[in-house]
Every structure is written in structure tokens, then in C-alpha cells.
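Descriptive structure summary
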Amino acid sequence: MMFYRLLSIVGRQRASPGWQNWSSARNSASAAEARSMALPTQAQVVVCGGGITGTSVAHHQSKMGWKDIVLLEQGRLAAGSTRFCAGILSTARHLTIEQKMADYSNKLYHQLEQETGIQTGYTRTGSIFLAQTQDRLISLKRINAGLNVIGIPSEIISPKKVAELHHLLNVHDLVGAMHVPEDAVVSSADVALALASAASQNAIVDADGRIYIRNWQGGILSGGFEKNPKPIFTEGKNQLEIQNLQEDWDHFEPLLSSLLRRMPELETLEIMKLVNCPETFTPDMRCIMGESPALQGYFVLAGMNSAGLSFGGGAGKYLAEWMVHGYPSENVWELDLKRFGALQSSCTFLRHRVMEVMPLMYDLKVPRWDFQTGRQLRTSPLYDRLDAQGARWMEKHGFERPKYFVPPDKDLLALEQSKTFYKPDWFDIVESEVKCCKEAVCVIDMSSFTEFEITSTGDQALEVLQYLFSNDLDVPVGHIVHTGMLNEGGGYENDCSIARLNKRSFFMISPTDQQVHCWAWLKKHMPKDSILLLEDVTWKYTALNLIGPRAVDVLSELSYAPMTPDHFPSLFCKEMSVGYAKGIRVMSMTHTGEPGFMLYIPIEYALHVYNEVMSVGQKYGIRNAGYYALRSLRIEKFFAFWGQDINNLTTPLECGRESRVKLEKGMDFIGRDALLQQKQNGVYKRLTMFILDDHDSDLDLWPWWGEPIYRNGQYVGKTTSSAYSYSLERHVCLGFVHNFSEDTGEEQVVTADFINRGEYEIDIAGYRFQAKAKLYPVASLFTQKRRKDDMELSDLHGK
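Residues numbered from 1 in each chain as written. Predicted model: local features only at pLDDT ≥ 70, side-chain atom pairs only at ≥ 80, totals over all residues. Heavy atoms only, no water.

Focus: the overall build of the protein
Secondary structure assignment for the protein yields 20 helices and 34 strands. Expressed as a percentage of its 799 residues, the buried residues of the protein come to 56%. Within the structure as shown, the protein displays about 35,000 Å² of accessible surface, and the carbon and sulfur contribution to it stands at 50%. (Helix = DSSP H or I, 4+ residues; strand = E, 2+ residues; numbered from the N terminus. Buried < 20%, exposed > 50% of the residue type's maximum accessible area, 1.4 Å probe, protein only. Areas by Shrake-Rupley, 256 points an atom, 1.4 Å probe, with all protein chains shown as cover.)

See the structure below:
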């Protein structure tokens, strides 16, 4: 993807020769250094790529004790995209893991000069992020709240304050801004010059104008993210060093116009150079990190989305930890390369997606927005039928999933264009779907979930799975076990349900985006000489979730078999006939805590079974429902979400899910020792449910995820997921509570008493709302609400 940066001179001064001298100095230096070197025949690690990420990985591996490190670069060091880096080091990011990586990078670069004696040009300039709209200001307020609680100083400021900090800026169209005073710039060695004036002491990001601005050798460097990017090197061109591409002033003109609107005094100044350089982008705007699922011992850190400088230090540290210690010190699931499947690696998909991604870098992203390109990559056999019935779609791991179903009387276009931090326009639609799930019966197409079958000729399947999973799988045939798949540290690698089909065969159901990761983990830990058959059968089945109290009536009528709990107990699996179709795997679970069944249907029968279910279900008030309703049902039952609430640093004890049977029996499994130690020493964080008390869902900003949690006025963690509970008529958030020492800031043991004795608030974009903390599902609150409804109905009848 081509990327523009403009160098201009402030105050009509002539261009300093520094940039050209830097370039020529590098050229002459490279000539002197261009001598052949014999590569060693072996090394502990080979790092390919001598840019900022590659050198960071090597640097951190060395600090962690590895000595036999080979760093390979096909051209000169830092001659790739690092060479054209704008040098702005910003910590203002939406994701907590990205904030932490950038903060670490900032501190690393600050001390690197002293450590190595090599000048880095590090200058703490600060950054100002401008907001032209109220929605942009809300987005900045959410980022500001997140930065403050992890120790990064930042504040929301007025347009007047912006003008005081940078007098060259035109502020008449601004509604506010965010100031991050400890952000920095890093440039080549000769940029250790004094800055021109106090007014240019801040880097500027005008996301609504799609540009950034920083000082550059007494002048201005500005670049941005154009709306119509040009893909380049789509055939994987092997270029030894990235060169400045041909100037395209017409393409750059919108960004230049935006710059001149923001800084009108630049109109009369000389433009020194237009730098047109390529940059890499990923399908979801997050960098790629981790071990390849196809080649053990091959690790990747790439696709920095023009944030290589900000992330390089922290990302290099995490990858080095991953390679040296087996796992990074922070949860990096959002960056793990195994979040992508093979279908998302096609050249056509990437070409179209990155053309959408680059403009999105500065676009305002409200909660639950969706990519528009690379869609309908994986679909259920029911896609066309559901689409015709009003399904609105979201994408997960390349799979289309229904969000909700638009009734015929609703304005579809208005719903599609409705994007907000407040109450969404789909609120009433999802409410009706949730109500139907609780009072009648609904169908949710959940075909995107990952399904594996593990089979052996003898008892090997049970023996291996008992070691890989934390719960006891030696259960009678037909029983279903919910279990975690843990790592050596006791953290979750996967959260799944496993049905025992027969003595030698198991059926495993995992979250959608666990398909690649789970397969790689199982393959890695199965015995090499094993005769187990591991098969990904996701594509073989259509999964229908039949939810609600009348689900039993629908399925009984279709199967001609009694489906009451006496005949079909909870967490039970059985192959049955449904309509004319045979071999349907029926499971008495719904992933929501509501009554109902999961139907795993061979794809050739999918349409028939769906039509039969909808036809018979008419008399019981059946309707379609989507994942937004599912989310609401799950969260009010305290069901955690993979990747958000449960991840590789979360253990069963922290979630209140102990592997009691195996621990008591003394059975061995991966993660057992870590859990025993944690059981003895206590946990240092605890997944907690929060019910917002004084929050008006009609008028107040909504919680989505990442909101700071305060206990007795002190920061204790962040929310990891959130949804509105239509039963409680309240917002429910899940999040981990920590116990930080007021004296040292170190983490201390979190007990149930510590949770229960606190007074809590949730910070939503700078506004704090009181919340009740719960460690268990709120069944009592449901009972209280039902009693209240019954009393109101009784009063009505009495009148």
C-alpha cells in the first residue's frame, strides 16, 4: 500500500541538507560495509528482517539470555519501511495491548541512547489528537480513560488550549482534543536539533482530516491515510530495499488540502519533498504475531499498519518472551496470527481488504462496526434463506453470522447507517428476539462454531484427551462435558464442549475463531506416534440452536420422541431423526443457560430440517434470532466470551471454574501443577459481573468493552465485554478485578471478600457510573423481577 509524507519548510528558510546528508551518509556507509560474510551453519535463532521489529526481537532475546542469534537483512539495516517512518511514537490506541506495547516502546527508546551510546533522536514532544465531531471526541475520551489508568498521562482539552499549545493551528472547526504530553518523536541521528519554537513542540493528529503533523529539522513533516489507496507489490515483488516511489501529487492533493486548512500559514512556504513509500496492512488493522500453525518453531512479527515505531519495542519484547519462555507476559490473542485462516490469505481477499483497511486507520470506528470487503467468504447453507428473511450480517473468522433480523416494517437503510456510542437503533429488534427466546422458541444459526472429531481404534483418544483437557472426559457415552484446554501456566488455550459419541470417539465444539489455533494446539501436543484421527468437521454440519421453553415441544413433534428432561437430560447427546433427515446430533444445551437444544445437521439436510423446524414451530410462536440476542442471554447468566473474558492468561480458578474432579483424583493434565499452586496461593485477578445502577440506557453513553473499573475510588481493572440485559433492564459488564497495593502497585491476592466489600464504578468515556459486583449469576434478581411483574399483573386484574 502506497503511503505519502510531505516535508515542508517553516518560515521560508532553505531546506536543511540533513535529510539528504543522512541518506548519502547511509549510502557511503553501506558501501564500506558491503563485504561478504560467511553465515554460521547453525544458530539458536535466526531473525529475518533488519527493521525496527526485527532488531527489537533480537535485542530482547539477547537481554533474556540468548546469545547465539543471527540477524539477517537482505539489504541494509533499517532500509525497509523503517527508513521512511514518520517517527511519531504515539500511545493513543484503542486496544489495551497496543497501548502497553507503545508505552513500553516509548520507555525503551528513551533509555536506549544511554544504554548503547547511539543517538536515537528521541525527543519527548507530546501529541495532540484533534476532534471535529462529538463522536470523535467521545472516542478520544474513551482512549483517554484507558491511558490514564495504565499510567500514561493524557487529558481532554478545549480548542482554546489547542491554540495555546500550537499557535499555527486553525481551531475554529474543533470541538475538543486529547493531549498526550509524553508521546515522542524518534528520527535519524542528525535530528537531535533544538525544536524551532514552543508552538511546534507537539505532534498533531487530525484523524477527521486524515493527517498527522510533526516537526522535522526546523520544518514540518506531514502525512496521512488517503481514502483511495493504491495496492502495490500484490505479486510479492522481491525488492532488496524499499525506495521512494514516483510522486503522485494528484493522489496526495486531498491530504495537502487538509493540511493547509489546519495550518493556513503553510500556504506560502516551500515544499521540500513528497515521500511516497509502501507500507504493510493486515485484514483487521492489528499486527500479526506468534508461532506459525503450519511450521513449529517459525515465529512471525509483521503487518504493523504504519505503527511499527510505536509498537516495535513492545511487540519485539512480547515475541521474544514467547520464543524464550513459551508465552508472552501479556494476553496477545488479539494479535495472534492464528486468528486468521487460510481463506483470508488469498491475494484477491488481501488486495480488496487492505484497500478498505488503510482509510479506516483514521476513520471513526464506533462499537460493532463491520468490514465491507472480503465478505461471504464462508456461509451456512441457510444464508440465502435467512438473508431473505431480514438477516443483517456480521463476520467472524471469515464466517457470516446473523446479528439480528429486521422486521418488514423497519427502515433497513436507516439501520445500516446507524452507528453510535449511545443506544443503537437495533435495540427494540434484539429485545423482541430475546423475549421470544425466553417465552416461546427461537432459532439461531450457529454453523460458524468450530467442530472437531477425535477418534482412535483403542483407548488412545480418551487417554490423550484426558491429558490435554482440564475436566474429566471419562464419562458415559452420550454425555457432554464443558472443559478448558490449558497451557503449562494454567491459562486457557481453548474453552469448549466435548460430547462422547462412543467409547473411542469424541465430538468437540469450540468458538468460531479458535479453528486454526485449536487445531495447531492439538496437533502440537498429540503424541507423534499416535494413531488418533483428528478431523475438522466444521464444514460437514449446519448447527441450529433451538432456544426457549417451547423448544422441547417443537423437537418432540419433529422427532416423534419425548424430549423432556426425564427422557433427555441436560448435557446429553444423541443421534436422532428430525423430519425426514437421519443422523442429526441433538444436544441438550444452548450455550446461553436457557432451555433448548443444539442440532448438528449434515449439510445436505440443513434446509429441510430448518424448514421443518420453522413450519412446526409456527404454532409455538417461533422466530429467527441473531448473535446480539445470544450475547444478551449469555452475559446475564455470567457466561464468559472467548478471547475477551477468557484467554491464555486466564485460569479456571480465576473464572470460578475449578477442575475439581481431576484435582481431587490426582489425575495428570496440562496445567495441573499451575492450578494446584494457584489454589494454594490464591488468585491475583477474578472475573466479576457488574450491573450498572445509575445508568440511563436511553440517554447515557453505553459500555462496550475496555472501560476502567474503580473500587472505592481506586482503579482495579477493565471491562472485557458488555451487553444489555433485557431481563434485568440494566447493562451488564464482565471484567477482571485486581488488588493493587496502594504503596507499591504490586498485585495482591483477590478474595471473594475483597470483591464483595467494595463500592464499584465503571468509567465510560470519563463519566463514572455506580455498579453492583457479582461473583455468581444473578438468579435472585431474576426472581425479584418476576415477583414484581406478577404483582403488577395482579394489581391490574384487581382493578
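Next comes the rest of the write-up.
Here's the deal with the sheet that holds strand β23 (residues 541-547)
A sheet is described by the order of its strands in space; here six strands give the open sequence β24-β25-β26-β23-β17-β27, paired in mixed fashion. Pairing within the sheet leaves two strands with one partner each, and these edge strands are β24 (573-578) and β27 (623-624). The sheet contact formed by strand β17 (residues 442-445) and β23 spans four bridges and is antiparallel. Paired with V443 across the strands is L546, a residue of β23. Packing against the sheet, helix α15 (residues 606-617) makes contact with β17, β23, β24, β25 (581-587), β26 (596-602) and β27, and its axis sits at approximately 150 degrees to β26. (Pairing = 2+ DSSP bridges. Contact = heavy atoms within 4.5 Å. Axes fitted to C-alpha atoms, helices over the stretch in contact; angles between N-to-C directions.)

A look at the packing of aromatic side chains
Centre distance and the angle of the planes are the two values used to describe a pair of aromatic rings. Applying the stated criterion across every chain yields a total of 25 aromatic pairs. When the ring of F225 is compared with that of Y362, the centres are 4.7 Å apart and the planes differ by 70 degrees; the resulting orientation is edge-to-face. Placement of the pair is F225 in the loop between β11 (219-224) and α6 (249-262) and Y362 in the loop between α8 (347-360) and α9 (383-388), with a sequence separation of 137 residues. We classify F225 as buried; its relative accessible area is 4%. Summarising the aromatic geometry, the rings of Y710 and Y715 are spaced 6.3 Å apart at their centres and angled 70 degrees between planes, so their arrangement reads as edge-to-face. Judged by relative accessible area, which is 10%, Y710 ranks as buried. Each residue in the set Y404, W426, F427, Y628, W702, W704, Y724 and Y726 is aromatic and connected to the rest through ring pairs, giving one cluster. Above the face of the F427 ring, K423 is positioned so that its terminal group lies 4.3 Å from the ring centre. (Phe/Tyr/Trp six-rings, centres within 6.5 Å; stacked < 30°, edge-to-face > 60°. Lys NZ or Arg CZ within 6 Å of the ring centre and 35° of its normal.)

Some points on the packing of helix α2 (residues 52-63) against helix α7 (residues 308-325)
Packed helices, taken two at a time, are described by their axes: the angle between them and the distance between them. Between α2 and α7, the least distance of the axes is 8 Å, while the angle of their chain directions is 40 degrees. In terms of orientation, α2 and α7 fall into the oblique class. Note on packing geometry: the crossing formed by α2 with α7 is right-handed. Contacts between α2 and α7 involve I52, T53, S56, V57, H60 and Q61 from the former and G308, L309, G312, G313, G316, K317, L319, A320, M323 and V324 from the latter. (Parallel < 35°, antiparallel > 145°, perpendicular 65-115°, else oblique. Left-handed = near helix turned anticlockwise from the far one by under 90°.)

Some thoughts on α7
A rise of 1.5 Å per residue sets the reference length of α7, with its 18 residues, at 26 Å; its end C-alpha atoms lie 24 Å apart and thus fit the reference within 8%. Where α7 bends most, the angle comes to about 30 degrees, and this point is G314. Within α7, 16 of the 18 residues are buried, which leaves it mostly tucked inside the rest of the structure. Following α7 by one or two positions, G326 has its phi on the positive side, about 100 degrees. (Expected span 1.5 Å × (residues − 1). Bend = angle between axes of the 7 residues up to and from the residue.)

Describing the pattern of salt bridges
The final tally for this structure, using the stated rule, is 34 salt bridges. The closest approach of N and O atoms between R262 and D173, which form a salt bridge, is 2.9 Å. In this pair, R262 is assigned in helix α6 and D173 in the loop between α5 (159-165) and β7 (176-180), connecting sequence segments 89 residues apart. Here E761 and R768 are joined by a salt bridge, their closest N and O atoms 3.6 Å apart. Connected through shared salt-bridge partners, K438, E594, E636 and K637 make up one network. (Salt bridge = Lys/Arg side-chain N within 4 Å of Asp/Glu carboxyl O.)

A look at the environment of A342
With respect to the helices and strands, the residue A342 is situated in the loop between α7 and α8. Under the relative-accessibility criterion, A342 is labelled exposed at 71%. Sequence spacing of A342 and G398 is 56 residues, and the spatial spacing of their C-alpha atoms is 10.0 Å.

Describing unusual backbone geometry
Trans peptide bonds make up most of the peptide bonds, and negative phi angles are found at most residues other than glycine. Phi is positive for R368, which is not a glycine, with a value near 60 degrees. In this structure, R368 sits in the loop between α8 and α9. For R368, a relative accessible area of 27% puts it in the partly exposed group. A positive phi is found at Q376, a non-glycine position, where the angle reads about 55 degrees. Relative to the helices and strands, Q376 is located in the loop between α8 and α9.

A short note on the nonpolar core
Counting 38 residues, the largest nonpolar core has W426, V430, F507, M587 and Y600 as the members making the most contacts within it. Of all the secondary-structure elements, those providing two or more residues to this core are α11 (427-439), β17, β21 (505-510), β23, β26 and α16 (627-636). The leading source of residues in this core is α11, at six residues. The next biggest cluster of nonpolar side chains, apart from the first, holds 33 residues, and it includes L558, V586, I601 and V609. (Core = buried A, V, L, I, M, F, W, Y, C linked by side-chain atoms within 4.5 Å.)

So, the packing of helix α3 (residues 96-116) against α7
Interhelical geometry of α3 versus α7 gives an angle of 95 degrees and a closest axis separation of 7 Å. If you check the angle between α3 and α7, you find them roughly perpendicular. Contacts between α3 and α7 involve I97, E98, K100, M101, A102, Y104, S105, L108 and Y109 from the first element and G308, L309, S310, F311, G312, G313, G314, A315, K317 and Y318 from the second. In terms of residue class, the contact of α3 with α7 is built from 10 nonpolar, six polar and three charged. (Nonpolar A, V, L, I, M, F, W, Y, C, P; charged D, E, K, R; others polar.)

Quick word on a negative patch on the surface
There is a patch of like negative charges on the surface, built from D425, D428, E431 and E729. Position of D428 relative to the elements: it lies in helix α11. (Patch = residues over 30% accessible without salt bridge, like charges linked within 9 Å, V, L, I, M, F, W, Y side chains within 5 Å. Lys, Arg positive; Asp, Glu negative; His and termini not counted. Charge placed at Lys NZ, Arg CZ, Asp CG, Glu CD.)

Focus: the sheet that holds strand β22 (residues 533-536)
Across the sheet, which stays open at both edges, the five strands sit in the order β19-β20-β21-β18-β22 with antiparallel pairing between neighbours. The outermost strands of the open sheet, each flanked by one partner alone, are β19 (480-486) and β22. Pairs of neighbouring strands in the sheet enclose a mean axial angle of 25 degrees, with direction left out of account. As paired elements, β19 and strand β20 (residues 492-502) share seven bridges and run antiparallel to each other. Along β20, the bridge assignment pairs H482 with S497. Across the sheet, helix α13 (residues 515-525) touches β18 (450-455), β19, β20, β21 and β22, and the angle it forms with β22 is around 175 degrees.

What about a nonpolar patch on the surface?
There is a patch of nonpolar side chains on the surface, built from L39, V46 and L72 and spanning about 260 Å² of accessible area. Its location among the elements puts L39 in the loop between α1 (18-33) and β2 (45-48). Classification of L39 by relative accessible area gives exposed; the value is 60%.

Remember, this is a structural readout, not a statement about activity or role.
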